[in-house]
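Structure at a glance
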Amino acid sequence: MMSRFGEHVTKHKRALASALTLAVAIGVAGATLPGSTATTATAAESPTTTDDSRLHDLLRRLTTVDGAPGALAEVRDQRGSTVLTSGVGNVRSEEPVHRDSRFRIGSMTKMFTATAVLQLVGERQVDLDAPVERYLPGVVRGHGNDGREITVRQLLQHTSGLPDFLDYLKPQEVIEDPLARHDPRDLVDTALEHPPVFEPGSDWGYSNTGYLLAGMIIERVTGHTYGEVIRERIIEPLRLRETFVPRDAEIPRPRPRGYAQPGEDAPLLDITRVDPSVGGAAGGMISSGTDVNRFLDALLRGDLLRPAQLREMMTTRSTGSADGRAYGLGLETRKLPGGDRYWGHTGDFLGYETMAAATVDGRGATVMVNLGPGGSDAQSDDIEAAVRTALSEGRPAARR
């Protein structure tokens with residue numbers, strides 16, 4: 001659900017790590033990597049150029065030095081796509097990461113949710129600059145939070161000032177009962193028990209609460225669940241056969257098992273089965289590298305949004321990050337070496353950490369590891385480095 005922006009995510013990861021330590025103490029079953037925390041890197045069989053050695057090295061680093069069990073990179077350009085893998089998808093059986101793996105994409109879900117809202121904007125069913133109150137009367141109230149003062153645009157751009165429910169959801173509750181259902185209104189109400197982080201529109205601050213509300217707006221306007229809307233408007237038209245808005249805790253096979261690392265010397269926890277309602281429209285989806293890359297390519301080519309709405313989506317404001325990262329409506333962006341710019345999103349969900357990005361000229365890359373929380377800052381940095389490398393340097397030769 002989270003995205004890697006500043007202290008918000010760091011604090012949440014640390015809180016989850018503490019909860020995981022508690023889970024070990026109360027007897028949640030764990031597993032250790034075979035032999036050690038290092039795994040043997042294996043690349044998917046495909047022709048490659050000598051220029052892709054940096055990407056291979058980063059995947060190996062993710063599954064050795066950084067300690068993730070497995071990693072996958074799916075790289076796409078106009079010639080086709082290639083999948084590279086490293087490590088294992090199951091630490092007990094030592095089964096390698098499958099090239100067609102499905103995994104929880106966390107906050108990459110926000111790209112889909114924002115696209116659905118903007119489609120409704122293009123159809124004049126939603127006004128970006130209308131107050132949230134118009135669509136969800138009386139929902140955003142309490143402790144200074146007021147839906148009459150917050151716009152739909154501010155929800156999608158993280159400028160609403162709404163507190164993030166993840167700052168107040170006790171992580172041990174999720175760990176101890178991963179199959180528990182969470183009603184989005186209850187999660188929103190948890191956030192609204194606390195004052196705003198800032199006045200609406202005056203600053204930027206990542207808030208999963210805003211995307212739960214965006215999902216609720218989709219449902220109020222269309223009369224269908226946000227999952228049905230995403231399936232009918234995005235998944236089916238693009239034929240994304242490995243993409244789901246799940247209703248239960250299972251991830252369809254093939255998939256790597258998801259793990260968490262409670263502490264440096266603690267056994268890994270298998271947390272593959274988690275009820276997705278804890279993420280909802282902010283982070284509950286499942287997809288694959290192939291499908292995410294296809295979605296981003298279609299989005300940036302204008303296949304999913306009318307030109308006016310795509311311009312709105314790609315109109316950004318600074319996040320205040322030292323690296324110059326900016327955020328549009330459900331899309332984050334940053335410059336690549338040479339001056340090009342990528343568009344995409346990061347994602348964290350129990351068991352997985354992911355990132356996907358694409359350029360307007362048709363290059364795309366998705367990288368996944370099956371460890372989180374408990375992954376190091378180096379893991380997050382190397383995931384981003386792998387994406388940037390795939391987009392800006394020599395890439396594997398295409399395999400169609």
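Before going into details, it helps to say that this report is about the structure given with it. (Residues numbered from 1 in each chain as written. Predicted model: local features only at pLDDT ≥ 70, side-chain atom pairs only at ≥ 80, totals over all residues. Heavy atoms only, no water.)

Looking now at the overall build of the protein chain. Helices and strands together make up the secondary structure of the protein chain, namely 13 helices and 16 strands. Relative to its 400 residues, the protein chain shows a buried fraction of 58%. The contacts of the protein chain with a sequence gap of at least 6 include a subset with a gap of at least 24, amounting to 72%. Surface summary for the protein chain: the accessible area is close to 15,600 Å², and the carbon and sulfur share equals 46%. (Helix = DSSP H or I, 4+ residues; strand = E, 2+ residues; numbered from the N terminus. Buried < 20%, exposed > 50% of the residue type's maximum accessible area, 1.4 Å probe, protein only. Contact = heavy atoms within 4.5 Å. Areas by Shrake-Rupley, 256 points an atom, 1.4 Å probe, with all protein chains shown as cover.)

Any two side chains of opposite charge can pair, given that their charged atoms come close. Taken as a whole and judged by the stated rule, the model has 26 salt bridges. A salt bridge links Asp146 to Arg141, with the shortest nitrogen-to-oxygen separation between them at 3.4 Å. Judged by its relative accessible area of 17%, Asp146 falls in the buried class. The exposure class assigned to Arg141 is partly exposed, which follows from its relative accessible area of 30%. A salt bridge links Asp303 to Arg301; the nearest nitrogen and oxygen atoms lie 2.6 Å apart. On the basis of relative accessible area, Asp303 is assigned to the partly exposed category, the value being 45%. What emerges from the salt-bridge pattern is a single network uniting Asp323, Arg325, Glu332, Arg334 and Glu384. (Salt bridge = Lys/Arg side-chain N within 4 Å of Asp/Glu carboxyl O.)

Before going further, it helps to examine the nonpolar core. Of all hydrophobic cores here, the largest spans 82 residues; its most connected members are Leu213, Phe295 and Leu299. Tallying contributions element by element places helix α3 (residues 109-122) first for this core, with 8 residues. Here Phe295 is in contact with Met111, Phe112, Thr115, Ile234, Leu238, Leu240 and Leu304, once residues within four sequence places are set aside. Formed by 27 residues, the second largest nonpolar core is a distinct cluster that contains Leu55, Leu62, Val75 and Val91. (Core = buried A, V, L, I, M, F, W, Y, C linked by side-chain atoms within 4.5 Å.)

So, about the environment of Leu336. Along the chain, Leu336 falls in the loop between β13 (332-335) and β14 (341-349). The sequence separation of Leu336 and Thr389 amounts to 53 residues, and the corresponding C-alpha distance is 9.1 Å.

The linkage connecting Arg253 with the following residue, Pro254, adopts the cis geometry, with an omega of 0°. By secondary structure assignment, the location of Pro254 is in the loop between α9 (226-238) and β8 (259-260). Looking along the chain, the bond that leaves Gly372 and enters Pro373 is cis, with omega of -5°. Along the chain, the position of Pro373 falls in the loop between β16 (364-369) and α13 (377-392). One non-glycine residue with positive phi stands out, namely Glu94, at about 60°. Locating Glu94 in the fold gives a position in the loop between β3 (80-90) and β4 (95-96). Of note, the phi angle at His143 is positive, near 55°, even though the residue is not glycine. Among the secondary structure elements, His143 is positioned in the loop between β6 (141-142) and β7 (145-146). Taking relative accessible area as the criterion, His143 reaches 52% and is therefore assigned exposed.

Limitation: the analysis is restricted to geometry and does not speak to function.
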